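Here are the chains, one letter per residue:
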Amino acid sequence: HWIYALLDRVKCFDRLLAWIIAGIMVALGGDAGVAGALRRRYVGFLRTFRVGPWCGGFWAATDGMGQGCALSMIYINVTVEGWRRYLRRKVPEVRPTGFVDDRTMRHEETAVVQQGLDAALTYDRLTGKRTNHKSKVFSTHPEQCAEELGDLHYGPMKLDTVDAEKLLGVEQLSLIHISEP
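Residues numbered from 1 in each chain as written. Predicted model: local features only at pLDDT ≥ 70, side-chain atom pairs only at ≥ 80, totals over all residues. Heavy atoms only, no water.

Peer 1: Help me get a handle on the overall build of the protein, residues and values and all.
Peer 2: Within the protein, the regular secondary structure consists of six helices and 13 strands. The buried share among the 181 residues of the protein stands at 43%. Considering only intrachain contacts with a sequence separation of at least 6, the fraction spanning at least 24 residues in the protein is 66%. (Helix = DSSP H or I, 4+ residues; strand = E, 2+ residues; numbered from the N terminus. Buried < 20%, exposed > 50% of the residue type's maximum accessible area, 1.4 Å probe, protein only. Contact = heavy atoms within 4.5 Å.)

Peer 1: Give me the lowdown on the nonpolar core, citing residues and values where you can.
Peer 2: By size, the foremost hydrophobic cluster in this structure holds 40 residues, and its most contacted members are Leu7, Tyr75, Leu87, Met105, Leu117 and Leu159. Counting only elements with at least two residues in this core, the list comes to strand 1 (3-8), helix 1 (18-27), helix 2 (32-41), helix 3 (72-90) and helix 4 (110-127). Sequence-distant contacts of Leu117, that is, excluding residues within four places in its chain, are made with Ala5, Leu7, Met105, Leu152, His153, Tyr154 and Leu159. (Core = buried A, V, L, I, M, F, W, Y, C linked by side-chain atoms within 4.5 Å.)

Peer 1: Before we move on, could you go through the environment of Ser72 and cite the residues and values that matter?
Peer 2: Here Ser72 is to be found in helix 3. With a relative accessible area of 2%, Ser72 lands in the buried category. Ser72 sits 59 residues away from Phe13 along the chain, and the two C-alpha atoms are 7.4 Å apart.

Peer 1: Before we move on, could you go through the pairing of strand 7 (residues 102-107) and cite the residues and values that matter?
Peer 2: Pairing geometry for strand 1 and strand 7, over six bridges, is antiparallel. When the bridges of strand 7 are listed, Leu6 appears paired with Thr104. Bridge analysis of strand 6 (residues 95-99) against strand 7 gives five bridges, and the strand direction is antiparallel. Following the sheet pairing, Arg95 is matched in strand 7 by Arg106. (Pairing = 2+ DSSP bridges.)

Peer 1: Describe the packing of helix 3 against helix 4, listing the residues and the values that go with them.
Peer 2: Orientation of helix 3 relative to helix 4, taken along the N-to-C sense of each, is 135°, at an axis distance of 10 Å. Regarding the angle of helix 3 to helix 4, the classification is oblique. The element helix 3 and its partner helix 4 pack so that their crossing is right-handed. Here Thr79, Gly82, Trp83, Tyr86, Leu87 and Lys90 of helix 3 come into contact with helix 4, specifically with Gly116, Ala119, Ala120, Thr122, Tyr123, Asp124 and Leu126. When grouped by side-chain class, the residues that make up the contact of helix 3 with helix 4 number seven nonpolar, four polar and two charged. (Axes fitted to C-alpha atoms, helices over the stretch in contact; angles between N-to-C directions. Parallel < 35°, antiparallel > 145°, perpendicular 65-115°, else oblique. Left-handed = near helix turned anticlockwise from the far one by under 90°. Nonpolar A, V, L, I, M, F, W, Y, C, P; charged D, E, K, R; others polar.)

Peer 1: Can you tell me about the pattern of salt bridges, naming the residues and giving the values?
Peer 2: Pairing is possible between side chains that carry opposite charge, provided their charged atoms lie close to one another. Inspection of the entire model under this criterion finds four salt bridges. Residue Arg9 is joined to Asp124 by a salt bridge in which the shortest nitrogen-to-oxygen separation is 2.8 Å. Here Arg9, found in the loop between strand 1 and helix 1, pairs with Asp124, found in helix 4; they are 115 residues apart in sequence, far enough to count as distant. With relative accessibility at 5%, the residue Arg9 sits in the buried group. Accessibility expressed as a relative area gives 0% for Asp124, which makes it buried. (Salt bridge = Lys/Arg side-chain N within 4 Å of Asp/Glu carboxyl O.)

Peer 1: I'd like to hear about the packing of aromatic side chains, residue by residue, with values.
Peer 2: Here the structure, examined in full by the defined rule, presents two aromatic pairs. Arranged with centres 5.1 Å apart and planes meeting at 35°, the rings of Phe49 and Trp59 form a pair that is tilted. One end of the pair, Phe49, is in the loop between strand 2 (46-47) and strand 3 (50-51); the other, Trp59, is in strand 5 (residues 59-60), and ten residues separate them in sequence. Since its relative accessible area comes to 35%, Trp59 is described here as partly exposed. Between Tyr86 and Tyr123, the ring centres sit 5.3 Å apart and the planes meet at 50°, which makes this aromatic pair tilted. On the criterion of sequence distance, the pair formed by Tyr86 in helix 3 and Tyr123 in helix 4 is long-range, its members being 37 residues apart. In terms of burial, Tyr86 and Tyr123 fall into one category: buried. (Phe/Tyr/Trp six-rings, centres within 6.5 Å; stacked < 30°, edge-to-face > 60°.)

Structure, rendered in structure tokens:
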């Protein structure tokens, strides 16, 4: 059976810091010139609120990027892949995956999942990210001890234990039970 920890980012797009992401991009093997150009793209970037045909005043953003910016998905993918590789390097046994601001890790042992959560917290601190209080944990084994799962935490935040969870709209326990003999 698997134990899953499901982590959700706080203000995902607001916390996309171009100077950190450019460094991650190069560390992942990206071209330094392209990474530098993407980083410079957001220096002094002006924003405004638009409601229908009306726009408010402009201001220079100090961090992050606006949701809806075409480049934001590149940045999101860089952070997800950077996070995944960091976890695999720090805790090789854990299986991390991610999609936009949702991150998941799994393993058969609670202790290994906790090691992954500790490494995820370190990564988030290094990259200026925060994880939402909605994060949770569940097991694919119905008899998994709730007390054992209830001990999992992300920093001081204890993860809520749930019986099942949807990932990308798919009920995970139903899917797993269907495929098991």
